[in-house]
Amino acid sequence: MKLGKRWLPAHLLVWTYAVLLIVPLYYFLASAFKSNEEIFAHPFALPSSFGLGNFRTAYNSADLGTAVVNSALVTVLALALTLLLALPAAFALARSTSRLASAMEKIFSLGFLIPTFAALFPTFLLAAATGLFHTRLFMVFFLPATAMPLSVVILVQFMRTIPREMEEAARMDGASTYTVLRHIYIPMCLPGIATVLLLNFLTFWNEYLYSLIIIGPDPEQRTVQVALPTLKAITGTDYGVLTAGTVLTLVPVWVVYTVLQKRMQQALINGAVKA
Amino acid sequence: MTTLTSTPGGAAIREPAPPATTGRTGMPRQGGTILAVPALVWYAVFMIGPVIAIFVIAALHWPGMLQPVSFAGLGNVRTVLDDPVFWDAVRNTAVQLAVALPIMIVCAYMLGYYVAQKPPGHRVIRYLLFIPGLISTPAKAMVFYAALSPDGLANGALQSVGLGSLTDAWLASPSTALACLIALDVWSGIGFTAVLFAARLDSVPDDLGEAAQLDGAGHWRTMWRIHFPVIRDYVGVVTMLQFLWTLFGSAQHVLLLTQGGPGSSSTTLSFLVYQKAFIAADLGYSQTVGVILFLAGLVGLLTIRRAFRQNY
């Protein structure tokens, strides 16, 4: 379609929004290299030096090193558990035509309508009752449950596209159910698995409220998202340090996004709109 | 849960009803539905169970973690309804939804349409639009905290263009605190939602728009009269998601930026649930608001669904 002159207002509006997106981020990035005085005096100026002092202070005062390790640990283990649970479930639901299976599928897809946040307090009670309160382990158990509806539904859709004949042929050769899953279904729905992994990576890494309540403030256990806001108080609001700390926590996600841009967008689109 | 483990029954039902796929039902499927049970159990224990518990706790009088618990029936409902703070929260939440949701959906749809026409620079735009979707809630809150604090970006910008008299302690002023939270939602929501719309509009056949243009329809007309009805369903789904995120997710922004204050000027319903449970330790109250929030969510979803039902 040709875009005529009458699109000028549209171009202007869109780029204004783009600027609104970039300016705070630029301000943030620039501030990470400045002192408070510099930030207040020249909020938009480029930093005069690119010293890493703020980053070092942020890293040390909020124990960000430990926090990054904790976040990585929780994210990776929760991702593994999610796949371990969702793959066989999706496999079963995709192949079965029984009424029970479609009921189960419905239960999973209804899960989209349960906002995770609603059950914060009961989940806290559950953590206390299982003796896993103030541990990362509970988050590793809990996060996959929140990811289950989305993961199962997306994987089922990918698995449905695999022709039945593939399985029948393998069965003739005496393949077990496990073999069929392991050697036919999993390799053939790698794109679906990637989607689920990326999507959940983002939510698990960015999870805040539950981590705050369940894992709590212990610097040995807490994740980056919980450690980050503490910088506000610790530093008496040294904006340079605060922004430097925030930038540090964004790096992993930003790197993944830039490398896997296309795939990431696709994953989020699939995920957000229940495929 | 236990009723669901009776899987063999399920396998025995081999319905004559035509299955969706290429339907060769003759083959025995060993290890069928049972493989879905662990995931379901996991899901039930960590998600469905706690959600049901909200309703139970809402009926309890429970003034603190270590306090004795007694049955309150509907007593909590009365306490909640008599509390002016609750009504402030209702009002704030209503304002938040009424302002943020329409702006977000309309702007995001137009932006998504723009990007889908592949104008010059649309790749850059697409990349940028996505950034708020990647940033964690605390990071977003820190961006806004730094931008809106008394010495922050917004006041700095106002001062540098000679509008110093307009500066304000945005997050600490009763008249602007809620507006800041709404701005944060809109700022981060438009971009991400626009990408979703753009992706959906990409799959609308090009000739549909071209035909309309040949018939003399301008872009504005094509956008609202041709494309919009085609993806109406999808707009409905996205609106429902944004509705849920705004309704339930606001607790985190409020907690990080304003703590509900000053006074109760920026207390939203979901923050009230958090605040009563973890700060005021009035658990029955907290979960009663939780139930109300839940019902509000349900009513909202049904309303949105109705509003976007295909009607041609």
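Small disclaimer: the values here were computed from a predicted structure and weren't measured.

So, on to the overall build of chain A. Looking only at helices and strands, chain A has 14 helices and 0 strands in total. Order of helices (α) and strands (β) in chain A, N terminus to C terminus: α-α-α-α-α-α-α-α-α-α-α-α-α-α. For chain A, the spread of C-alpha atoms along the three principal axes comes to 75 × 65 × 35 Å. A separation of at least 24 residues holds for 73% of the contacts in chain A among residues at least 6 apart in sequence. When the accessible surface of chain A is split by element, carbon and sulfur atoms take 69% of a total near 11700 Å². Between the centroid of the 18 positive side chains of chain A and the centroid of its 12 negative side chains there is a distance of 12 Å.

Right, let's talk about the interface of chain B and chain A for a bit. Buried accessible area, meaning the area lost when the parts come together, often serves as the stated size of an interface. Contacts between the two partners involve 99 residues from chain B and, on the opposite side, 97 residues from chain A. Where chain B abuts chain A, roughly 9000 Å² becomes buried across the two surfaces, and 77% of that area is made up of carbon and sulfur atoms. Of all residues in chain B, the largest losses of buried area upon contact with chain A belong to Y43, Y127 and L134 of chain B, amounting jointly to 8% of the total for that side. If you look at where chain B meets chain A, you find 0 salt bridges. Applying the counting criterion to the chain B and chain A interface returns 12 residue pairs in polar contact (both at pLDDT 80 or more). Broken down by element, the residue count for the side of chain B that touches chain A peaks at 15 residues, all from helix α2 (residues 37-58) of chain B. Partitioning the side of chain B that touches chain A into residue classes produces 70 nonpolar, 22 polar and 7 charged.

In this section: the environment of F86 of chain B. All names here are of chain B. When you line up the elements, F86 lands in helix α4 (residues 84-116). By relative accessible area, F86 is classed as buried at 2%. When the C-alpha positions of F86 and L163 are compared, they lie 37 Å apart, and in sequence the two are 77 residues distant. Apart from residues lying up to four places away in sequence, F86 is in contact with V80, L81, L269, L272, Y285, V289 and I292.

Here we take up the packing of aromatic side chains. Each pair of aromatic rings is reported with the distance of its centres and the angle of its planes. One pass over the full model with this rule turns up 31 aromatic pairs over all chains. Relative to F130 of chain B, the ring of Y257 of chain A has its centre 5.7 Å away and its plane inclined at 20 degrees; by these criteria the two rings are stacked. Note that Y257 of chain A is positioned in helix α13 (residues 239-259) and F130 of chain B in helix α5 (residues 122-134), a pairing that runs across two chains. The lysine or arginine in question, K276 of chain B, covers the ring of Y285 of chain B, its NZ or CZ lying 4.5 Å from the ring centre.

Let's shift gears to the packing of α13 of chain A against helix α6 (residues 137-148) of chain B. At a minimum axis separation of 10 Å, α13 of chain A and α6 of chain B run at an interaxial angle of 155 degrees. In terms of their interaxial angle, α13 of chain A and α6 of chain B are classed as roughly antiparallel. Between α13 of chain A and α6 of chain B lies a crossing of left-handed hand. Contacts between α13 of chain A and α6 of chain B involve Y239, L242, T246 and L250 of chain A on the former and, on the latter, A139, M142, Y145 and A146 of chain B. Tallied by class, residues from the contact of α13 of chain A with α6 of chain B come to 7 nonpolar, 1 polar and no charged.

This next bit is on the nonpolar core. Grouped together as the largest cluster of nonpolar side chains are 191 residues, with contacts concentrated most on M159 of chain A together with L129 and F197 of chain B. Of the residues forming this core, the biggest block, 16 residues, is contributed by helix α4 (residues 64-95) of chain A.

Another aspect to go through is empty space enclosed by the protein. Considering all chains together, one arrives at 6 cavities of 30 Å³ or more under this definition. Here the largest cavity is characterised by a volume of approximately 1600 Å³. Lining the largest cavity we find 49 residues, and of these T116 and T203 of chain A together with T137, W245 and Q252 of chain B sit closest to its centre. Top contributing element to the lining of the largest cavity by residue count: helix α11 (residues 232-257) of chain B, with 10 residues. The residue makeup of the lining of the largest cavity, split by class, is 27 nonpolar, 18 polar and 4 charged.

Here we come to helix α12 (residues 269-278) of chain B. For α12 of chain B, the tally of buried residues reaches 8 of 10 residues, placing the bulk of the element in the interior. L269, S270, F271, L272, V273, Y274, K276 and A277 of chain B are the residues of α12 of chain B that are buried. Close packing links the buried residues of α12 of chain B with α6 (120-129) and α11 (209-215) of chain A together with α4, α11 and α13 (283-307) of chain B.

Calculation rules
Residue numbers here run from 1 along each chain, matching the order of that chain's written sequence. Chain A is the first chain written and ligand 1 is the first ligand written, with later ones labelled in order. Reporting in this predicted model follows two pLDDT cut-offs: at least 70 for local features of residues, and 80 or more for side-chain atom pairs to be given and counted; totals over whole chains, interfaces and linings ignore these cut-offs and use all residues. By convention in this description, side-chain values take in all heavy atoms of the structure and omit both hydrogens and water. To qualify as a helix, a DSSP run of H or I must reach at least 4 residues; to qualify as a strand, a run of E must reach at least 2; elements of each kind are numbered from the N terminus. Contacts between residues were defined by any pair of non-hydrogen atoms, one from each residue, lying within 4.5 Å. A 1.4 Å probe and the Shrake-Rupley method give the accessible areas. Residues count as covered only by the protein chains that appear here. In this count, Lys and Arg are taken as positive residues and Asp and Glu as negative ones, while His and the chain termini are left out. Think of each charge as sitting on NZ of Lys, CZ of Arg, CG of Asp or CD of Glu. Values labelled buried area give the accessible surface lost by two parts on being combined, using a 1.4 Å probe and summing over both. We define a salt bridge as a side-chain nitrogen of Lys or Arg found within 4 Å of a carboxyl oxygen belonging to Asp or Glu. Pairs of N or O atoms within 3.5 Å make up the polar contacts considered here, provided that, within protein, one atom can donate a hydrogen while the other can accept it, and that residues adjacent in sequence are counted only when both atoms are side-chain atoms. Gly counts as polar in this scheme, as do all residues outside two lists: the nonpolar Ala, Val, Leu, Ile, Met, Phe, Trp, Tyr, Cys and Pro, and the charged Asp, Glu, Lys and Arg. The classification of residues rests on relative accessible area computed with a 1.4 Å probe and restricted to protein chains. Under 20% of the type maximum is buried, over 50% is exposed, and intermediate values are partly exposed. Only rings of Phe, Tyr and Trp enter the pairing, Trp through its six-membered ring, and a pair is recorded when the two centres are within 6.5 Å. The plane angle decides the type: under 30 degrees is stacked, over 60 is edge-to-face, the rest tilted. By the criterion adopted, a ring carries a charge over it if an Arg CZ or a Lys NZ lies within 6 Å of its centre and within 35 degrees of its normal. Interaxial angle, 0 to 180 degrees, is taken between N-to-C directions of lines fitted to C-alpha atoms, where a helix line uses only the stretch in contact. Each angle gets one of four labels, with under 35 degrees taken as roughly parallel, over 145 as roughly antiparallel, 65 to 115 as roughly perpendicular, and the rest as oblique. By convention the crossing between two helices is left-handed if the near helix lies anticlockwise of the far one by an angle smaller than a right angle, and right-handed if it lies clockwise. Nonpolar cores were defined as sets of buried Ala, Val, Leu, Ile, Met, Phe, Trp, Tyr and Cys residues, with membership established by side-chain atoms within 4.5 Å. Computed over the protein atoms alone on a 1 Å grid, cavities are sets of points where a 1.4 Å probe fits but cannot get out and pockets are open sets with protein on both sides within 12 Å along at least five of seven lines; a residue lines them when it has an atom within 4 Å of a point. Grid points are joined across faces, edges and corners, and a volume is the space filled by probe spheres set on the points.

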